[in-house]
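Topology and contacts: notes
Take a look at the letters that make up each chain.
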Amino acid sequence: MRLLALLPLLAALAACYAAVHHPVTAPEGWKLVDHSPESSFEVSVSFALKQRNLKALEKTLSLVSNPASPSFGKHLSLDNLRNLIGASDADIELVCSALRGAGFHAIEVAPIGDYIKAKHTIGGLERFLSTDIGAYSFKGSEQTVLRAYTPYTIPEDIHHIVDFVPGLHGYPFRRLSIARSSGEDEAAFMVTPDVLIKQYDVTEATAAVSNSSQALVEFDFNWFSPDDLQTFFKANAPSQAGRTVSEIFGNNRPDLHTGVEANLDVQYAMGMGYYVNTTVYDNPFNPSIFDSFLDYTQLANSQAQPPLVHSISFGDYGGNYPNSTVQRINTEFQKMGVRGITVLLASGDNGVGCNFPKCTSQEFDFPSSPWITMVGGTTVGQNGGETGATLSSGGFSQDYWQASWQADAIAAYFASGVKLPDPSFYFAEGRGYPDVAAAAENVEIVVNGRTTSVAGTSCAAPIWAGIVSLLNNERLAAGKGPIGFLNQILYSNPQALNDITSGSNPYLCCPVRVFILFLVLLRLS
């Protein structure tokens, strides 16, 4: 009886403890450069509310993306999703009331009811969360990020509603490599849309239905040039001349800077996805890539009709970020999938990766959610041969467990007799990646009016986006829904895939000398 009497007290103590969020240790290279930034400086802050029915969300996504399920293709609307996982109106008002009482303003509630955004001064935020906020910088950089260097506490009257405050903890490491020059070898075989259409047996579209759509996601002042797009069309896709990006969320300023990555993304998504409505998300600069991902996914998930295919060529290697953020981004991708959105992410350009210079473990990529399709890279030869590109990242995530639909493919990989490093070097039970791949070297683009070639898995992601958009176009024209989350379809239909079995992706001192790639969809008939 005494034990039972203690249970309410223990529960109360546990609840209080859960409201305190401790900072992660700043990794090597990060330094606290200002303990007391200007307290009157205004900042925008998000409060991530606790989401309901997350197991039901995952189950629903598994069913609507499983071609063997009667629910396949029956995606949820924004209102459906709000009713499934959003906080109650009463809980939302309780949080908003607490924020207003503490002096926050410009309060906005996300349509799904799982985020609240507001503005306050640094001093006001510190008082509300009983914490201290400082400015950190990474060695060799003048950029700073604001982080709480002491624990922050969600106020007692709302801690059962608010999950965490994004952006107060965690440190980015470095961006996944975006497109880079292939060099100046004029004799090299150049990859163009015509080459890809033949290589992958793509049937060119002659028109698109009005609701077929795709999007390119850009960070770090990567702006595309509309003029370069038309020059690219003239040389590589004359039938698309005059087509433009349909919508831009954010600001596109090629007059200030033309981004190689942004040009690549737009030119190949549109150069492969003929006639498909194309959107660009130009996300405002944020030195923290995982905060950028949260902002972008929140925006997409707040839209009534977001684009159906998203291509992303940005990410992180080895960042020190809180698990709450990692799992919330995973949920954001689930929300996109359950609404019928396909998310394609370039797997990165550091080969198998490792924690150089220690060289003791594989350096996995972020984000590596099992609910997105990670795209690796290949080298396409003039004779049509294709090998795994050395730069293409692949391996096993330590953020997420292996997905059930890729278990057989990974088991077959391990049983193939491939040479493996010591098991301590990688997490064999983690989510394996990449899922697919496409051309990632000697890809021809136009920048500032000149033709050049680039390399990186950031070439492969928009190529894939254009192809998936064509598949969506066929389904929509037939009165069906979009494909949405791809991976269950890919892994359950190996007969539709062309495996790339040659190539390697070593990286610096890493002991891996094999190309870790499970399935590569490279031929669509």
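Refer to the preceding data block for the structure.
Worth saying up front: this structure is predicted, and the values here are computed from it rather than measured. Throughout, a residue's number is its position along its own chain's written sequence, starting from 1. At least 70 in pLDDT is required for a residue's local features to be given in this predicted model, at least 80 for side-chain atom pairs to be given and counted, and no such filter applies to totals for whole chains, interfaces and linings, which use all residues. Values reported for side chains reflect all heavy atoms of the structure, with hydrogen atoms and water molecules removed beforehand.

1. Things to note about the overall build of the protein
Rule in force here: Each helix is a run of H or I in the DSSP string that is no shorter than four residues. Each strand is a run of E no shorter than two, and both are numbered from the N terminus. Under the scheme applied here, a residue whose accessible area is under 20% of the maximum for its type counts as buried, over 50% as exposed, and between as partly exposed, the area being computed with a 1.4 Å probe on protein chains only. Here, residues are in contact when the closest pair of their heavy atoms is within 4.5 Å.
Each helix and strand in the protein was counted, giving 13 helices and 24 strands. Burial statistics for the protein: of 525 residues in total, 55% are counted as buried. Residue pairs in contact within the protein that sit at least 24 positions apart in sequence constitute 82% of those at least 6 positions apart.

2. Considerations on the sheet that holds strand β5 (residues 115-121)
Pairing between sheet strands relies on hydrogen bonds along the backbone, with the strands arranged either parallel or antiparallel. Formally: Strand pairing is defined by DSSP finding a minimum of two bridges between the two strands. Only the stretch in contact is used when a helix axis is fitted, and all axes are lines through C-alpha atoms; the angle between N-to-C directions ranges over 0 to 180 degrees.
Spatially, β4-β5-β3-β9 is the arrangement adopted by the 4 strands of the open sheet, whose pairing is antiparallel. Looking at strand neighbours, the two that pair on one side only are β4 (105-109) and β9 (162-164), the edges of this open sheet. For this sheet, the mean inter-axis angle between neighbouring strands, taken without regard to orientation, is 35°. Summarising the sheet, β4 and β5 pair through 3 bridges and their orientation is antiparallel. Across the sheet, His105 pairs through a bridge with Lys119, a residue of β5. Helix α5 (residues 122-129) contacts β3 (42-49) and β5 of the sheet and is inclined by roughly 120° relative to β5.

3. Quick look at the layout of surface pockets
Put simply, the test is: Cavities and pockets are found on a 1 Å grid laid over the protein atoms alone: a cavity is a set of points where a 1.4 Å probe fits but cannot escape, a pocket is an open set with protein on both sides within 12 Å along at least five of seven lines, and a lining residue has an atom within 4 Å of such a point. Grid points are joined across faces, edges and corners, and a volume is the space filled by probe spheres set on the points. Basically, the charged four are Asp, Glu, Lys and Arg, the nonpolar ten are Ala, Val, Leu, Ile, Met, Phe, Trp, Tyr, Cys and Pro, and anything else, Gly included, counts as polar.
In this model, the largest pocket occupies a volume close to 990 Å³. Considering the residues around the largest pocket, the lining is formed by 31 residues, among which Val43, Ser44, Val45, Asn286 and Asp295 are closest to the centre. Breaking the lining of the largest pocket down by element, the ones donating at least two residues are β3, β4, β5, α5, β6 (133-138), β7 (144-148) and α9 (289-302). Top element by residues in the lining of the largest pocket is α9. It accounts for 5 residues. Taken together, the residues that form the lining of the largest pocket break down as 17 nonpolar, 8 polar and 6 charged.

4. Some details on the pattern of salt bridges
Our working definition: Should a side-chain nitrogen of Lys or Arg be within 4 Å of a carboxyl oxygen of Asp or Glu, the pair is scored as a salt bridge.
Throughout the structure, instances matching the rule amount to 8 salt bridges. Among the ionic pairs, Arg100 bridges to Glu93, the shortest N-O distance being 2.5 Å. For Glu93, a relative accessible area of 41% translates into the label partly exposed. One salt bridge in this structure joins Asp435 and Arg431, with 2.8 Å as the shortest N-O distance. Judged by relative accessible area, Asp435 falls into the buried class, the value being 0%. When salt bridges with common partners are traced through the structure, they connect Asp114, Glu332 and Lys335 into a single cluster.

5. Re the side chain of Thr378
Short version of the rule: We call two N or O atoms a polar contact when they sit within 3.5 Å, provided that within protein one can donate a hydrogen and the other can accept it, with sequence-adjacent residues counted only if both atoms are side-chain atoms.
Positionally, Thr378 belongs in strand β18 (residues 373-380). Given a relative accessible area of 0%, Thr378 falls into the buried group. A polar atom in the side chain of Thr378 sits 2.6 Å from the side chain of Glu386. For Thr378, the side chain forms a polar contact with the main-chain nitrogen of Ala439, separated by 3.4 Å.

6. Structural notes on the nonpolar core
Worth spelling out the cut-off: Remark: nonpolar core denotes a set of buried residues (Ala, Val, Leu, Ile, Met, Phe, Trp, Tyr, Cys) joined through side-chain atoms within 4.5 Å.
Membership of the largest hydrophobic core comes to 118 residues, with the highest contact counts inside it found for Tyr200, Phe293, Tyr296 and Trp464. Among the elements that line this core, the one with the most residues is helix α12 (residues 457-477), at 8 residues. If near-sequence neighbours (up to four positions away) are discounted, Phe293 is found in contact with Phe219, Ile312, Phe314, Gly315, Ile329, Phe333, Leu345 and Pro367. The next biggest cluster of nonpolar side chains, apart from the first, holds 5 residues, and it includes Cys354, Phe396, Phe425 and Tyr426.

7. Re helix α4 (residues 89-101)
The test is simple: Take the number of residues in a helix, subtract one, and multiply by 1.5 Å to get its expected span. This arc is taken over the directions from the axis of the helix to the C-beta atoms.
The end-to-end C-alpha distance of α4 is 18 Å, a good match for the 18 Å that 13 residues give at a rise of 1.5 Å each. When we look at burial in α4, the residues that qualify are Ile92, Val95, Cys96, Ala98 and Leu99. Looking straight down α4, one finds its buried side chains confined to an arc of 160°; they lie on one side. Projecting away from the buried face of α4 at angles above 90 degrees are the exposed residues Asp89, Ala90 and Gly101. Buried residues in α4 make contact with β3, α3 (78-85), β4, β5, α5 and β9. Taken from the residues just after α4, Gly103 is the one with a positive phi, measuring 95°.

8. Notes on empty space enclosed by the protein
As enumerated under the stated definition, the model contains 4 cavities of 30 Å³ or more in all. Counted as a void, the second largest cavity has a volume near 40 Å³. Around the second largest cavity, the lining residues are Phe333, Met336, Gly337, Ile341, Thr342, Val343, Trp371, Ile372, Thr373, Phe485 and Leu486. Contributions of two or more residues to the lining of the second largest cavity are made by α10 (323-338) and β16 (342-346). Per element, the largest residue contribution to the lining of the second largest cavity is 3 residues, and it comes from α10. Taken together, the residues that form the lining of the second largest cavity break down as 8 nonpolar, 3 polar and no charged.

9. Things to note about the packing of helix α7 (residues 226-236) against helix α8 (residues 260-272)
Quick reminder of the rule: Angles are sorted into four bins: roughly parallel if under 35 degrees, roughly antiparallel if over 145, roughly perpendicular if 65 to 115, and oblique for all others. Left-handed describes a crossing whose near helix is turned anticlockwise from the far helix through less than a right angle; right-handed describes the clockwise counterpart.
Interaxial distance between α7 and α8 falls to 10 Å at its minimum, and their mutual angle equals 40°. On the basis of the axis angle, α7 is oblique to α8. In this structure, α7 crosses over α8, and the sense of that crossing is right-handed. Together, Asp228, Leu229, Phe232 and Phe233 of α7 and Asn263, Val266, Gln267, Tyr268, Met270 and Gly271 of α8 make up the contact between the two elements. Partitioning the contact of α7 with α8 into residue classes produces 6 nonpolar, 3 polar and 1 charged.

Functional significance is not addressed by these values, which are geometric in nature.
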